[in-house]
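What follows is each chain in one-letter form.
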Amino acid sequence: MSQISITVNGIVQTHEVEPRTLLVKFLREHCGLTGAHVGCDTTQCGCCTVHLDGRAVKSCTMLAVQADGGQVTTIEGLGSPTQMHPMQAAFQQHHALQCGYCTPGMIMQGVDIVRRGLAGDERVIRHELEGNLCRCTGYQNIVEAIADVGRRCPESCGGPRRTAEV
């Protein structure tokens, strides 16, 4: 067993894990955060996408020990039911989800696309989404939601919701 500490959504999570524990399992089983879904275990579907140190990663093929000391943001860390992150609100506004299984990963990837300044061209957005699969929507509304956020707040919407510190 290895003891690791990962800051998840701003909270330090210290747990003992087997060295082979995947980051997605750490998040779901040790942190109780079930937003990152396990769809394929092969990095093909993107349902498990989270941010590690500000970059989108597939948590189903990354070991939790590799994230030791890092900062992870999950879908639960982006917004809240009363104050959605702009990407979450755009997905709702553009009807960019149907069954919802891929939605957390799509939103996390979308935030990363905006953060990297790649949301200005539909072809580029589609290319950047190639590692995220959706079986329901046909992608058009997802692309429109990401492009909308890229137009509205290209600099401030690329990360977790910020709150004023008191």
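Right above here is the structure, for reference.
Chemist: So what exactly am I meant to see when it comes to the layout of surface pockets here?
Modeler: The gaps left among the atoms become clear once a water-sized probe is rolled over them. Computed from the structure, the second largest pocket encloses a volume of approximately 190 Å³. As for the second largest pocket, its lining consists of 15 residues, of which Tyr 101, Cys 102, Leu 133, Cys 134 and Arg 135 are closest to the centre. Per-class residue counts for the lining of the second largest pocket are nine nonpolar, five polar and one charged.

Chemist: How should I be thinking about unusual backbone geometry in this particular structure?
Modeler: For residues that are not glycine, phi is negative in most cases, and the peptide bond is trans in most cases. Even without being glycine, Thr 43 reaches a positive phi, approximately 65°. If you trace the backbone, Thr 43 turns up in the loop between helix H1 (23-30) and strand S3 (49-52). Not every positive phi belongs to a glycine, and His 95 is a case in point at roughly 55°. If you trace the backbone, His 95 turns up in the loop between helix H2 (86-93) and helix H3 (103-115).

Chemist: What should I look at first to understand the side chain of Asp 112 in this one?
Modeler: Summarising the element assignment, Asp 112 is placed in helix H3. Overall, the relative accessible area of 3% leaves Asp 112 in the buried class. Among all residues touching Asp 112, those that are not within four sequence positions of it are His 51, Gly 54, Arg 55 and Ala 56.

Chemist: Mind showing me how you'd approach the side chain of His 85 here?
Modeler: Along the polypeptide, His 85 turns up in the loop between strand S5 (71-73) and H2. Here His 85 falls in the buried class, since its relative accessible area comes to 2%.

Chemist: When you look at the pattern of salt bridges in this model, what are you seeing that I'm missing?
Modeler: Side-chain pairs of opposite charge can arise where the charged atoms are in close proximity. In total, this model carries eight salt bridges according to the counting rule given. One salt bridge connects Glu 18 with Arg 20, and the closest N-O pair in it is separated by 2.8 Å. On the basis of relative accessibility, which here comes to 36%, the residue Glu 18 falls in the partly exposed class. The partner of Arg 116 in a salt bridge is Asp 112, with the nearest N and O atoms 2.8 Å apart. By sharing partners, the salt bridges in this structure join Asp 112, Arg 115, Arg 116 and Glu 128 into a single network.

Analysis parameters
- Residues numbered from 1 in each chain as written.
- Predicted model: local features only at pLDDT ≥ 70, side-chain atom pairs only at ≥ 80, totals over all residues.
- Heavy atoms only, no water.
- 1 Å grid on protein atoms, 1.4 Å probe; cavity = no way out; pocket = protein on both sides within 12 Å on 5 of 7 lines; lining within 4 Å.
- Points joined across faces, edges and corners; volume = space filled by probe spheres on them.
- Nonpolar A, V, L, I, M, F, W, Y, C, P; charged D, E, K, R; others polar.
- Helix = DSSP H or I, 4+ residues; strand = E, 2+ residues; numbered from the N terminus.
- Buried < 20%, exposed > 50% of the residue type's maximum accessible area, 1.4 Å probe, protein only.
- Contact = heavy atoms within 4.5 Å.
- Salt bridge = Lys/Arg side-chain N within 4 Å of Asp/Glu carboxyl O.

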